[in-house]
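# Structural description and commentary
One-letter residues, chain by chain:
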Amino acid sequence: MKGRFEGAVALVTGGAGGIGAGVALRLGREGAHVAVTDLSGSGAEVVAARVRQQGGQASAHALDVTRAEDTERVLDEVEHLAGTVSLAVTCAGIDSQFDFLDLSLTEWQKTIEVNLQGTFVVIQAVARRLKAKGGKGHIVAVASAAAKRPNPTQAHYGASKAGVVNLVRSAGVALARDGIVVNAVCPGVVDTDMTRAIHIERSRLSGLSEEESLARMIQSIPIGRIQTVDDVAHVVAFLLSHEADYMVGQAVNVCGGLAFD
Amino acid sequence: MGQRFEGAVCLVTGGGGGIGSGTARLLAAEGAHVIIADLSQDRAQQVAGEIREMGFQASPHAVDVTSQESVDRLLDDSWRDVGPVNLAVTCAGIIKIQPFLDLPAADWDRTLAVNLKGTFLVIQGVARRLVQAGRKGRMVAVSSVAGRGARADVADYAASKAGVISIVRSSAMALAEHGMAVNAVCPGVVATEMTYAIQRMRSQDTGENPEEMLTRSVTGIPLGRIETPEDVAKAIAFLLSEDAGYVTGQALNVDGGLEFD
Ligand SMILES: NC(=O)c1ccc[n+]([C@@H]2O[C@H](COP(=O)([O-])OP(=O)(O)OC[C@H]3O[C@@H](n4cnc5c(N)ncnc54)[C@H](O)[C@@H]3O)[C@@H](O)[C@H]2O)c1
Ligand SMILES: NC(=O)c1ccc[n+]([C@@H]2O[C@H](COP(=O)([O-])OP(=O)(O)OC[C@H]3O[C@@H](n4cnc5c(N)ncnc54)[C@H](O)[C@@H]3O)[C@@H](O)[C@H]2O)c1
């Protein structure tokens, strides 16, 4: 498996987070130069240092994915430092829990802006540069099983992720003949800070303890255990490789059987 | 890619056909001992012979997947002669073009027997033996984009392939607690004898040249080229590998962008 991404430059957004860090480490192990980006520049630096510690190449960049100019600036930096980005994984994302009737328009807009608009901005910017250079590449967006299920306490999040699934279809078909492969993964319940924060917030809504709230969620997963960031990173790596060149615009559920379609 | 399947025994039904033989070659090259099982003993022997000539491990076996007895014999012989069958790929399948109003009930029964019942018998047979032996395993069924969409002139085939997606989900849920994963792939238009036969049958009805018909259907694929058995094999191999450990009950469209859900 070693060396599938030798010589390639990979951009990871939300790279300081749980899934983003797992993806960055995996791509670094397989030979890519990993541009670890995050809203938190210092968080990105910590992950880039871990990639380098395991013998890989990485740089860290502060990037707010809701800002198109920020994305262009970071892509310029990365291009100057390591070359054109031909692999991209969009992991930047936010979530919050509200009863449907209490969900504010501000919260709705903020979530759509980061999760959906942020994904669009990055996919388009990376693909434009790749196409201008005549290069081929692979892009994976991290959507969520929430895109395919009802989300009574996170309608905004579910809608943003369903938007990502459809965005990936459109981008996948639009870019297929340019050799730019765009797909998504839909994780289920991953052992990260986001999941812990969700259950702290849900315990406020449901009155269950935080531990009980998470335990019940895990019980409902057919595969019977919580998902690790590596479970996600393995599938992301597959979709970034030539093994997946005939897959166009798909959203692969990596969720232990929580969702289908 | 290294040897992802070293020490594994992988049953490939329809192993004498285009997708089956392509998949068997890839799995054997990555270390598996492949059992090439097919209704046509000649083709099974030929494919197994070719794989052995390449220096890999393969055994031919005749099977009619519509018969419980025949599937049991195949599995018992394989366990005895080769070892525990812990991976399986069901590629056996048939198709016949005919107008919906003329589709005879007997043809419906035959198509459902091979494509759907045959898939069920193999999944259940492999799983029963693994559960009894306390072993884990992974299986992939070959469905089709026809299982996702409408097909006026192969209604029986489309129904059988939609059924395959369903049995994959149900068996995945049933087998998760035993550490087994079951998934499907939905290929699009693959360069195999089945596809060429379809073009011949359709051209007989319309009077069109079969090559022109094929060119026209390939033009409709967003990716712009026909699918190869290797394109399908790579996705199957991924789903059989440890990297897909958290993926179960899923049907992956590997189709150049023809279908989504
Ligand atoms: N944790 C889960 O169970 C789960 C399940 C399905 C999908 N996901 C998705 O996976 C992705 C990663 O989630 P995670 O679990 O690693 O969460 P996380 O909170 O650990 O990581 C998210 C990262 O995104 C960054 N971020 C937030 N807003 C940003 C912005 N505007 N610009 C750039 N970066 C920004 C954060 O700083 C953080 O580092 C998210 O898109 C999330 O929705 C997570
Ligand atoms: N060719 C395509 O475009 C395409 C697209 C989507 C799905 N598929 C599916 O992929 C699978 C393989 O198709 P292919 O294109 O390689 O076709 P193929 O005709 O080359 O191979 C099918 C094989 O199945 C065997 N078979 C038929 N009936 C059997 C039975 N009762 N028991 C055991 N074996 C039997 C045949 O002998 C043949 O070797 C099929 O299930 C097909 O429906 C094919």
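Residues numbered from 1 in each chain as written. Chains lettered and ligands numbered in written order. Predicted model: local features only at pLDDT ≥ 70, side-chain atom pairs only at ≥ 80, totals over all residues. Heavy atoms only, no water.

With that settled, the discussion passes to the nonpolar core. Counting residues in hydrophobic clusters, the biggest one holds 90 residues, and the most contacted among them are A:Leu27 and B:Val34. With nine residues, helix α8 (residues 229-240) of chain A is the largest single contributor of residues to this core. One finds A:Leu75, A:Ala88, A:Val164 and A:Ala184 within the second-largest nonpolar core, a separate group that totals 33 residues. (Core = buried A, V, L, I, M, F, W, Y, C linked by side-chain atoms within 4.5 Å. Buried < 20%, exposed > 50% of the residue type's maximum accessible area, 1.4 Å probe, protein only. Helix = DSSP H or I, 4+ residues; strand = E, 2+ residues; numbered from the N terminus.)

Tracing the backbone through its elements, the reader meets B:Glu230 in helix α8 (residues 229-240). In sequence terms B:Glu230 and B:Gly18 are 212 residues apart; their C-alpha atoms lie 9.6 Å from each other.

As a further point, take the packing of helix α1 (residues 18-29) of chain B against helix α2 (residues 41-53) of chain B. Residue and element names in this part refer to chain B. Packing of α1 against α2 leaves a shortest axis separation of 10 Å and a crossing angle of 30°. By the angle between their directions, the pair α1 and α2 is classed as roughly parallel. In this structure, α1 meets α2 at a crossing whose hand is right-handed. Note on element contacts: α2 touches α1 through Val47, Glu50 and Ile51, opposite Ser21, Ala24, Arg25 and Ala28. Classifying every residue of the contact of α1 with α2 by side-chain character gives four nonpolar, one polar and two charged. (Axes fitted to C-alpha atoms, helices over the stretch in contact; angles between N-to-C directions. Parallel < 35°, antiparallel > 145°, perpendicular 65-115°, else oblique. Left-handed = near helix turned anticlockwise from the far one by under 90°. Contact = heavy atoms within 4.5 Å. Nonpolar A, V, L, I, M, F, W, Y, C, P; charged D, E, K, R; others polar.)

The next subject is the sheet that holds strand β7 (residues 251-254) of chain A. Adjacent strands of a sheet form backbone hydrogen bonds with each other and so pair up, either parallel or antiparallel. All names here are of chain A. Here we have seven strands laid out as an open sheet, ordered β3-β2-β1-β4-β5-β6-β7, and parallel in their pairing. Edge positions in the open sheet fall to β3 (57-62) and β7, since each of these has one partner strand only. Each strand axis lies, on average, 20° off the axis of its neighbour in the sheet, ignoring direction. Each of β2 (33-38) and β3 is contacted by helix α2 (residues 41-53), which is oriented at about 180° to β3, the strand it contacts most. Contacts from α8 reach β4 (87-90), β5 (137-142), β6 (180-187) and β7 within the one sheet, and its direction differs from that of β6 by about 165°. (Pairing = 2+ DSSP bridges.)

Before going further, it helps to spend a moment on the confidence of the model for chain B. For chain B, the average pLDDT comes to 97, and 99% of its residues sit at 70 or higher. As a predicted assembly, this complex carries a pTM of 0.96 together with an ipTM value of 0.93. (pLDDT = per-residue confidence, 0-100.)

Our focus in this paragraph is the packing of helix α6 (residues 193-206) of chain A against helix α7 (residues 210-219) of chain A. All names here are of chain A. At a closest axis distance of 8 Å, the pairing of α6 and α7 adopts a crossing angle of 115°. Pair α6 / α7 crosses with right-handed handedness. Together, Thr195, His199, Ile200, Arg202 and Ser203 of α6 and Glu210, Ser213, Leu214 and Met217 of α7 make up the contact between the two elements. Here the contact of α6 with α7 is built from residues that sort into three nonpolar, four polar and two charged.

Another aspect to go through is the site of ligand 1. All names here are of chain A. Near ligand 1 lie 27 residues; those nearest to it are Ile19, Asp38, Tyr157, Val190 and Thr192. Here Asp38 contributes a side-chain N or O atom positioned 2.6 Å from an oxygen atom of ligand 1. Against a free-state accessible area of 820 Å², the protein chains account for coverage of 90% of ligand 1. If you list the elements that add at least two residues to the shell around ligand 1, you get α1 (18-29), α5 (155-175) and α6. For the shell around ligand 1, the per-class residue count stands at 16 nonpolar, eight polar and three charged. Shared between two domains, the shell around ligand 1 takes at least three residues from each, and those domains are domain 1 (9-188 + 228-253) and domain 2 (189-226). (Near = heavy atom within 4 Å. Polar contact = N/O pair within 3.5 Å; in protein donor to acceptor, adjacent residues only side chain to side chain. Areas by Shrake-Rupley, 256 points an atom, 1.4 Å probe, with all protein chains shown as cover. Domains from an automatic or database assignment.)

On to the sheet that holds strand β3 (residues 57-62) of chain B, then. Residues and elements named next belong to chain B. Within the open sheet, the seven strands sit side by side as β3-β2-β1-β4-β5-β6-β7. Their pairing is parallel. Taken across any chain shown, the strands that pair with only one partner, and hence form the sheet edges, are β3 and β7 (251-254). Recorded for the sheet is a direction-independent mean angle of 20° between the axes of neighbouring strands. Strands in contact with helix α4 (residues 105-133) are β1 (9-13), β4 (87-90), β5 (137-142) and β6 (180-187); relative to β5, the strand with the most contacts, it is inclined by about 180°. Each of β5, β6 and β7 is contacted by helix α5 (residues 155-175), which is oriented at about 165° to β6, the strand it contacts most.

Let's shift gears to α1(A). Residues spaced three or four apart along an α-helix face the same direction, because each turn holds 3.6 residues. Residue and element names in this part refer to chain A. The end-to-end C-alpha separation of α1 is 17 Å, in line with the 16 Å expected for twelve residues at 1.5 Å each. Across the twelve residues that make up α1, a large majority, ten, are buried. Here the buried face of α1 lies against β1 (9-13), β2, α2, β4, β6 and α8. Positive phi appears at Gly31, one or two residues downstream of α1, with a value of about 100°. (Expected span 1.5 Å × (residues − 1).)

All names here are of chain B. Splitting chain B by domain gives domain 1 (9-188 + 228-253) and domain 2 (189-226). Placing a centre on the C-alpha atoms of domain 1 and another on those of domain 2 gives a separation of 24 Å. With 15 residues of domain 1 at the contact, the number on the domain 2 side is eleven residues. Buried surface at the junction of domain 1 and domain 2, summed over both partners, amounts to about 1,000 Å²; 67% is from carbon and sulfur atoms. Area buried by domain 1 at its contact with domain 2 is led by Ile95, Ile97 and Gly188, which between them contribute 45% of it. Scanning the region where domain 1 abuts domain 2 turns up two salt bridges. One can count two residue pairs in polar contact (both at pLDDT 80 or more) joining domain 1 with domain 2. Broken down by element, the residue count for the side of domain 1 that touches domain 2 peaks at three residues, all from α8. Class assignment for the residues of the side of domain 1 that touches domain 2 results in eight nonpolar, four polar and three charged. (Buried area = accessible area lost by both parts, 1.4 Å probe. Salt bridge = Lys/Arg side-chain N within 4 Å of Asp/Glu carboxyl O.)

Residues and elements named next belong to chain B. Within β5, six of the six residues are buried, which leaves it mostly tucked inside the rest of the structure. What you see with β5 is no split at all: Gly137, Met139 and Ala141 on one side and Arg138, Val140 and Val142 on the other are buried throughout. In this sheet, β5 lies alongside β4 in parallel orientation, the contact comprising four bridges. Counterpart to Leu87 in the pairing with β5 is Arg138. Handedness of the β-α-β unit built from β4, α4 and β5 comes out right-handed. Note: β5 against β6, six bridges, orientation parallel. Bridge pairing links Val140 to Asn183 in β6. Read from β5 through α5 to β6, the crossover connection turns out right-handed. (Right-handed = clockwise from strand over helix to strand, strands pointing away.)

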